[in-house]
Amino acid sequence: MSEKPADPGPAVPAPDLDLRLVRYFTVVADHRHFGRAAEALHITQPSLSRQIRRLEQLLGARLLDRTAQGARLSGAGEVFLPRAKALLRSAAQAAALTRAAARPDRITIGYTSGLIATPAVRRLRGRHPDADVRTLHLSYDDARAALLDHRVDAVVTRLPLATDRLHVTVLYDEPRVLVVPLDHRLAGRESVTLDDIADEPLPRIRRSDPAWSAYWRIDPRPDGRPAPDGPVVDAVEDKFEVIAAGEAVAIAAGVRGHGFRPDLTTVPLEGVEPSHVVLATRAEGNSQLVADFRKLARAHLTAPGGARDGDNASAASRSKGSTT
């Protein structure tokens with residue numbers, strides 16, 4: 001007669017986690033600093049510290065260690081962080097899918113800085129007058145997450161963008177330009193090449209996606225040399241400040257003479273691949289509104305300067321390789 005397995009004892013109840021506390025932890029982990037995290041969350045630092053201690057008590061583990069520089073993850077924190085982010089994503093997706101099921105006539109269209117979705121949005125509203133068509137501005141690095149978290153249903157943005165689990169269509173190309181202060185030696189030139197800026201430092205945005213950073217810094221250069229490093233900044237706005245101060249130059253999408261600020265100007269950068277403006281949606285589970293917006297975007301979101309609808313044919317054919 002076989003022996004009965006040992007009684008494992010009563011099951012340990014799972015902690016009742018407050019998602020707000022979990023989000024606070026992920027923000028501290030991302031900033032590695034309680035003060036900066038509290039500022040980002042718009043709460044006081046003592047309050048944030050209390051919330052983190054409460055989460056640690058619920059989990060029965062220390063998640064963060066304070067250091068002279070700020071904070072660092074403990075061993076338990078390293079284990080919890082990716083699971084905390086997955087938990088927040090899952091909760092956001094559950095809420096968004098529930099709202100979508102309740103309101104199939106609603107669509108949210110995202111767009112990142114410097115890009116315009118209005119022509120296609122207006123036509124979608126005209127085609128579906130009873131639909132709730134919303135728009136949402138996103139930071140340059142939030143397009144993919146916003147789609148997968150169901151905060152938006154479609155987004156007009158620029159490559160590079162990881163395309164797995166997404167349907168990505170190239171809409172048009174933009175030339176890349178060099179951004180310099182008005183008194184820079186290259187300001188006013190008809191165009192410049194990478195050789196002209198071989199020794200010019202380019203700013204780096206802290207915690208930016210490596211593929212995105214490499215594309216916009218053209219790093220490495222065609223000859224294999226690394227792009228010269230400039231100051232490390234926390235946001236795109238900070239990048240323009242160090243350029244205006246004469247500490248660096250930057251590569252951006254745009255047209256000649258368009259200044260991001262009155263004290264900056266741009267010069268066409270020759271001999272480099274143009275920037276690609278794309279429409280991205282989730283690969284699966286899209287509504288008829290999303291399908292209609294995709295068609296309208298391909299027809300009406302064109303390069304500045306009056307490109308005709310048919311001018312998108314070559315871009316549309318290129319996008320087939322970007323669809324997953």
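Residues numbered from 1 in each chain as written. Predicted model: local features only at pLDDT ≥ 70, side-chain atom pairs only at ≥ 80, totals over all residues. Heavy atoms only, no water.

1. Section: the overall build of the protein
From N to C terminus, the protein includes 10 helices and 12 strands. Counting every position in the protein, which comprises 324 residues, the buried fraction comes to 43%. Long-range pairs, those at least 24 residues apart, make up 72% of the contacts in the protein with a sequence separation of at least 6. Here the protein has roughly 17600 Å² of accessible surface; of this, 51% comes from carbon and sulfur atoms. (Helix = DSSP H or I, 4+ residues; strand = E, 2+ residues; numbered from the N terminus. Buried < 20%, exposed > 50% of the residue type's maximum accessible area, 1.4 Å probe, protein only. Contact = heavy atoms within 4.5 Å. Areas by Shrake-Rupley, 256 points an atom, 1.4 Å probe, with all protein chains shown as cover.)

2. Points about the packing of aromatic side chains
Per the counting criterion, the structure on display carries 3 aromatic pairs. Their ring planes at 85° and their centres at 5.1 Å tell us that Tyr215 and Trp216 sit as a pair that is edge-to-face. As far as the burial class goes, Tyr215 and Trp216 line up, both buried. The positively charged end of Arg176 is found above the aromatic ring belonging to Tyr215, 4.0 Å away from the centroid. We note Arg176 situated over the ring of Trp216; from NZ or CZ to the ring centre the distance is 5.6 Å. (Phe/Tyr/Trp six-rings, centres within 6.5 Å; stacked < 30°, edge-to-face > 60°. Lys NZ or Arg CZ within 6 Å of the ring centre and 35° of its normal.)

3. Focus: the nonpolar core
Ile107, Ile109, Leu124, Val156, Leu171 and Phe293 are the most contacted members of the largest nonpolar core, which has 22 residues in total. Breaking this core down by element, the ones donating at least two residues are β3 (106–112), α5 (118–127), β5 (154–158), β6 (166–174), β12 (275–282) and α9 (288–300). Tallying contributions element by element places α9 first for this core, with 5 residues. Not counting residues up to four positions away in its chain, the partners in contact with Val156 are Gly110, Tyr111, Thr112, Leu115, Ala117, Leu171, Val277, Val278, Leu279 and Leu301. Core analysis: the next-biggest nonpolar cluster, separate from the first, contains 21 residues, Val27, Phe34, Ala37 and Leu63 among them. (Core = buried A, V, L, I, M, F, W, Y, C linked by side-chain atoms within 4.5 Å.)

4. Examining the packing of α5 against α9
The interhelical angle for the contact between α5 and α9, taken along N-to-C directions, is 135°, at an axis separation of 9 Å. Judged by the angle between their axes, α5 and α9 are oblique. Both α5 and α9 take part in a crossing whose hand is right-handed. Between α5, through Pro119, Ala120, Val121, Arg123, Leu124 and Arg127, and α9, the contact on the second element is made entirely by Leu289, Asp292, Phe293, Leu296, Ala297 and His300. A breakdown of the residues in the contact of α5 with α9 according to their chemical character gives 8 nonpolar, 1 polar and 3 charged. (Axes fitted to C-alpha atoms, helices over the stretch in contact; angles between N-to-C directions. Parallel < 35°, antiparallel > 145°, perpendicular 65-115°, else oblique. Left-handed = near helix turned anticlockwise from the far one by under 90°. Nonpolar A, V, L, I, M, F, W, Y, C, P; charged D, E, K, R; others polar.)

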